[in-house]
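Summary of structural features
Spelled out from the first residue to the last, the chains are:
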Amino acid sequence: MLREKRGIIQEILAGKLGITQQMSSKYERDIGVIKVDILKRIAEYFNVTTDYLLGLSDIKRNLAGEIWKSET
């Protein structure tokens, strides 16, 4: 969802994260087990918490680093 909202294609995001497009696709479809270091890179790239990415929280950070509740 975050990738699509920003209009980023999987190949570009995968390159930024240092993974293949196939792995990016598996992570998005919840097929592959994501490594902790990749999860951290994704959270940093999108400026959100890892809990938000894992679906454990609906709280994420905005670009100023302030915590706010997601409306999605």
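Details of the structure are given in the entry above.
Residues numbered from 1 in each chain as written. Predicted model: local features only at pLDDT ≥ 70, side-chain atom pairs only at ≥ 80, totals over all residues. Heavy atoms only, no water.

1. Looking at the environment of Gln10
- With respect to the secondary-structure elements, Gln10 resides in helix α2 (residues 10-17).
- Between the C-alpha atom of Gln10 and that of Met23, which follows or precedes it by 13 residues, the distance is 9.5 Å.
- Discounting chain neighbours no more than four positions away, the residues touching Gln10 are Arg3, Gln21, Ser24, Ser25 and Glu28.
- Reaching out from Gln10, the side chain makes a polar contact with the side chain of Glu28 at a distance of 3.0 Å. (Helix = DSSP H or I, 4+ residues; strand = E, 2+ residues; numbered from the N terminus. Contact = heavy atoms within 4.5 Å. Polar contact = N/O pair within 3.5 Å; in protein donor to acceptor, adjacent residues only side chain to side chain.)

2. Some words on α2
- Burial in α2 covers these residues: Gln10, Leu13, Ala14 and Leu17. Buried residues of α2 fall within an arc of 100 degrees about the axis and therefore sit on the same side. Exposed residues pointing more than 90 degrees away from the buried face of α2 are listed as Gly15 and Lys16.
- Phi for Gly18, located one or two positions after α2, is positive at around 80 degrees. (Buried < 20%, exposed > 50% of the residue type's maximum accessible area, 1.4 Å probe, protein only. Arc of directions from axis to C-beta.)

3. Some thoughts on the pattern of salt bridges
- With the rule as written, the count across this model stands at 3 salt bridges.
- Notably, a salt bridge pairs Arg3 with Glu4, separated by 3.8 Å at the nearest N-O pair.
- Put simply, Arg3 and Glu28 hold a salt bridge, and the shortest N to O gap is 2.5 Å. Of this pair, Arg3 sits in helix α1 (residues 2-5) while Glu28 sits in helix α3 (residues 21-28), placing them 25 residues apart in sequence.
- Given the relative accessible area of 12%, Arg3 is considered buried.
- Linked through salt bridges whose partners overlap, the residues forming this network are Arg3, Glu4 and Glu28. (Salt bridge = Lys/Arg side-chain N within 4 Å of Asp/Glu carboxyl O.)

4. Examining α3
- Considered for burial, the residues of α3 that qualify are Ser24, Ser25 and Tyr27. Along the long axis of α3, the arc covered by the buried residues comes to 160 degrees, so they all point the same way.
- Next to the buried residues of α3 lie α2 and α4 (36-46).
- Following α3 by one or two positions, Asp30 adopts a phi angle in the positive range, close to 60 degrees.

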